[in-house]
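# Report on the structure
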Amino acid sequence: MKKYLYFLSCLLLPVFFSACSKYLDVDLENQMTLDEVFNKRKTTEQYLAQVYGYLPIEHDMFYSEGGNVPLSDEALFSWVSWVPWLNFANGAWGVTTTDYATWEHNYKGINQATVFINNVDKNVELSASVKSTMKAEARFLRAYFYYLLLRRYGPVFVWGDRAADDKIDPKTVDRMPLQTNVDFILSEFDKATAVLPLEITDQAWYGRITKGAVMAAKAELLLYMARPLFNGAKLYVGLKNKDSEFLFPQTADANKWELAAKAAKDVIDLNLYSLYVDTKEKDPFRHAIKSYMGIYFDKWNSEVIWGRWSDDGFNYNVRTAPPKVVTIGYGGYAPSLKLVDAYPMANSGRYPVIGYGANGQPVIDEKSGYKEVGFTDNYVHPLDNFASFKAHNSCVGRDARFYASILASGMYWTNPKPQPRQVTFFEGGTSSYTKTGDCVKSGYLWRRMSDPTNDIEAGNWGQFAWPYYRLAEIYLNYAEACNEKPNRNEAEALKYVNFVRQRSGLNNLETAYPEVLGDKEMLRTLLRKERMVELAFEGHRYLDLRTWMTAEQEMNEPYYTRNVAATNYESSWERTKDVFPGKRTFQPKHYFFPIQQKQLSEMIHITQNYGW
């Protein structure tokens, strides 16, 4: 019995690879009529597949409607021109910027879902129970598209359960209050949950929505609604629509944390999902590394609640492969130095860097055991034990997730075929720094989602699985809500964050930090650090910083890197802000995207977001 969800690309039958543009649009033009589409089982299934097709492709970092990773401080992708995230990172974007503008795309998905809901009962080849399930899937997808709009733009206009009316006067359209949005989404989620199955048992249909997927989305929605951005933020106090309704809550409601806690616990109490653990490795530390890696590499495992499948491993993996070391490697998907600093130490369990000085140098927790300077000779990577090397001390003794995720200078390429190849990021190194072209600029590459068993030199780029929701996120959601809710439950918060830490071989949080007991603010800080590490490069960090309203503190900084422009290995480990041009910028208005100019031109009385 499978206890997971993957959105398989095989669900999108070939005709639907262009479905988001022309095929089966609502008017259908000179093609099939709605009656013809919904009369047959095959075309009805195809129509539902193209509604799924509006889901974001979050693992494609170049897809402007997709991933959030390069928008946040967890990443420093290497390219300095022609990529959509640069303007966002530098603050040079506005109402005419079309990159990452998802308004129109999601409303098209909403409309297509409504068409399906309103017509599926016409089918004469499907049973009533099958049609009911398919309708529930479309109902969830429609609500989920509203949720995606909500977390990017704030409250939007909600059509509800009716089809879009092309006769409506766009001058009369305005956004509806946040609670109206949330109430509709939750109502639709609950309706879908009442109908959908707990599991998908037919392998041909792996990827379709289950109760657990809907409940996980509900838990995340309620978590975000409890956080400061959606819960009484001063920036949005007084913002009204044209009907003089407040768009956002005017005061914070701490009880929203109770709702978030309950929703997360409801997912846990399904007892359908479990943290993935490797079952073959005997060495404890290698076991911890492989258990974290296996979330992505052991397909269809017990931790994944809902996800997306892609057969195209090339486009992602080629950008995590080091240039010059491998035949085809672009080397651009890189973690930021801040993310690398975040991984705890294996022995102490403490996070080594507690802040930064004005010059970008780290403020180190002396109790952690971390060393920022010096080298260890004849060091052997705990997983890739192909050969020893001179390791910078910052790479020694880290959490298992560090070695699963980070390819640092001096380490060996993950696949030893045809022979072990050392990777060094400096001018003249094996993957040499250059001012232009593909190279590594942060001093590190991201390796976590790149399966080391893929022999890319032989053209084996592998397949890619991307979880929208997995159990570790739900544990961390629950821990956060338990810490924040009025009836604070510190024991539960520690219990579930420790489940996540234990999988990586770490001691309990209260063992690493005895002083955390009874300290709500300290536990909040540590939970956020744990979340940054555990969910790295999964698209959560950008949303977390915004909904916590800490982005102004975290994302206004120079682009600090290792000094890969140095001409020798030892000097390349110095910290500098001179390698990557510009500065990361986040202004208060950036907490929400602006309503774009195309929509402003159509709906001239729509209420714009703060600062735009």
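Residues numbered from 1 in each chain as written. Predicted model: local features only at pLDDT ≥ 70, side-chain atom pairs only at ≥ 80, totals over all residues. Heavy atoms only, no water.

### Some remarks on the packing of helix 7 (residues 211-226) against helix 13 (residues 471-484)
The geometry of helix 7 relative to helix 13 is characterised by a closest axis approach of 11 Å and an angle of 35 degrees between their N-to-C directions. Considering how the two elements wind past one another, helix 7 and helix 13 form a crossing that is left-handed. Between helix 7, through A216, E220 and L223, and helix 13, the contact on the second element is made entirely by E473, I474, N477 and E480. Each residue belonging to the contact of helix 7 with helix 13 can be placed in one class, and the counts come to three nonpolar, one polar and three charged. (Axes fitted to C-alpha atoms, helices over the stretch in contact; angles between N-to-C directions. Helix = DSSP H or I, 4+ residues; strand = E, 2+ residues; numbered from the N terminus. Left-handed = near helix turned anticlockwise from the far one by under 90°. Contact = heavy atoms within 4.5 Å. Nonpolar A, V, L, I, M, F, W, Y, C, P; charged D, E, K, R; others polar.)

### Details of the confidence of the model for the chain
The predicted model of the chain has a mean per-residue pLDDT of 92, with 94% of residues at 70 or higher. Mean pLDDT across the elements of the chain ranges from a minimum in strand 1 (residues 304-310), with 87, to a maximum in helix 13, with 99. Here residues 1-30 is modelled with pLDDT under 50, and outside its nearest four sequence neighbours on either side it reaches 92 contacts, counting other chains as well. (pLDDT = per-residue confidence, 0-100.)

### Regarding the nonpolar core
Ranked by size, the top nonpolar core spans 189 residues in total, and within it F140 and Y144 carry the most contacts. The biggest single contributor to this core is helix 5 (residues 128-153), with 14 residues. Every residue in contact with F140, bar those within four places of it in the chain, is listed here: F189, A192, I209, V214, A217 and W306. (Core = buried A, V, L, I, M, F, W, Y, C linked by side-chain atoms within 4.5 Å. Buried < 20%, exposed > 50% of the residue type's maximum accessible area, 1.4 Å probe, protein only.)

### Some thoughts on the pairing of strand 1
Of all seven residues in strand 1, seven are buried; the element is thus mostly enclosed. Of the pairings in the sheet, the one linking strand 1 to strand 8 (residues 464-470) comprises six bridges and is antiparallel in character. In the strand pairing of strand 8, G307 is matched with P467. (Pairing = 2+ DSSP bridges.)

### Some points on the pattern of salt bridges
Considering all chains together, one arrives at 52 salt bridges under this definition. Two residues, R541 and D73, come together in a salt bridge whose shortest N-O distance is 2.8 Å. Of the two residues, R541 sits in helix 17 (residues 541-548) while D73 sits in the loop between helix 2 (41-52) and helix 3 (85-90), which places them 468 residues apart along the sequence. Since its relative accessible area comes to 8%, R541 is described here as buried. The exposure class of D73 is buried, given its relative accessible area of 0%. As a salt-bridge pair, R139 and D161 come within 3.4 Å of each other at their nearest N and O atoms. Taken together, the positions of R139 in helix 5 and D161 in the loop between helix 5 and helix 6 (178-193) put the pair 22 residues apart, joining distant regions of the chain. Residue D161 is classed as partly exposed on the basis of its relative accessible area, which comes to 43%. Members of the salt-bridge network, linked through shared partners, are E303, D399, R401, R448, R470, R501, R503, E530, E534 and E538. (Salt bridge = Lys/Arg side-chain N within 4 Å of Asp/Glu carboxyl O.)

### Observations regarding helix 5
Within an α-helix, residues lying three or four positions from one another point in the same direction, as the helix has 3.6 residues per turn. Counted at 1.5 Å a residue, the expected span for helix 5 with its 26 residues is 38 Å, and the 37 Å between its end C-alpha atoms agrees. For helix 5, the buried fraction is high: 20 of the 26 residues fall into the buried class. (Expected span 1.5 Å × (residues − 1).)

### Considerations on the environment of W612
Mapped onto the elements, W612 comes out in the segment after helix 19 (597-602). With a relative accessible area of 22%, W612 lands in the partly exposed category. Note: C-alpha distance between W612 and V95 (517 residues apart in sequence) is 7.4 Å. Filtering out sequence-adjacent residues up to four positions away, W612 remains in contact with W93, G94, V95, K589, H590, F592, F593 and P594. Separated by 2.9 Å, the side chain of W612 and the backbone oxygen of K589 make a polar contact. (Polar contact = N/O pair within 3.5 Å; in protein donor to acceptor, adjacent residues only side chain to side chain.)

### Some remarks on the layout of surface pockets
Within this model, the second largest pocket holds a volume of roughly 770 Å³. Surrounding the second largest pocket, 34 residues form its lining, D73, K338, Y356, R541 and E554 being those nearest its centre. With five residues, the top contributor of residues to the lining of the second largest pocket is helix 16 (residues 520-534). Residues that form the lining of the second largest pocket fall into these classes: 15 nonpolar, eight polar and eleven charged. (1 Å grid on protein atoms, 1.4 Å probe; cavity = no way out; pocket = protein on both sides within 12 Å on 5 of 7 lines; lining within 4 Å. Points joined across faces, edges and corners; volume = space filled by probe spheres on them.)

### Here's the deal with the packing of aromatic side chains
Counted according to the given criterion, the structure contains 51 aromatic pairs. Each residue in the set F88, W93, Y100, W103, Y107, Y146, Y153, F184, F593 and W612 is aromatic and connected to the rest through ring pairs, giving one cluster. The aromatic ring of Y147 is capped on one face by R151, whose charged end is 5.3 Å from the ring centroid. Across from the ring centre of F593, 4.8 Å away, lies the NZ or CZ of R152, which sits over that ring. (Phe/Tyr/Trp six-rings, centres within 6.5 Å; stacked < 30°, edge-to-face > 60°. Lys NZ or Arg CZ within 6 Å of the ring centre and 35° of its normal.)

### Comments concerning empty space enclosed by the protein
Where empty space is left can be seen by rolling a probe of water-molecule size over the atoms. Enumeration according to the criterion identifies ten cavities of 30 Å³ or more in this entry. Along the wall of the second largest cavity there are 13 residues; nearest its centre are E58, R151, E220, Y468 and H540. Elements that contribute at least two residues to the lining of the second largest cavity include exactly helix 5, helix 7 and strand 8. For the lining of the second largest cavity, the leading source of residues is strand 8, giving four residues. Its residues placed into classes, the lining of the second largest cavity shows seven nonpolar, two polar and four charged.

### Structural notes on the side chain of N415
In this fold, N415 is placed in the loop between strand 6 (406-408) and strand 7 (444-446). A relative accessible area of 5% means that N415 is categorised as buried.

### A short note on unusual backbone geometry
Here the amide bond leading from K417 into P418 is cis, since omega sits at -5 degrees, within 30 degrees of zero. Along the chain, P418 turns up in the loop between strand 6 and strand 7. Located in the positive-phi region is N271, a residue other than glycine, with phi close to 55 degrees. Inspection of the secondary structure puts N271 in the loop between helix 8 (256-268) and helix 9 (284-297). Residue class for N271 comes out exposed when judged on its relative accessible area of 62%. Phi at K324 takes a positive value of approximately 75 degrees, unusual for a residue other than glycine.

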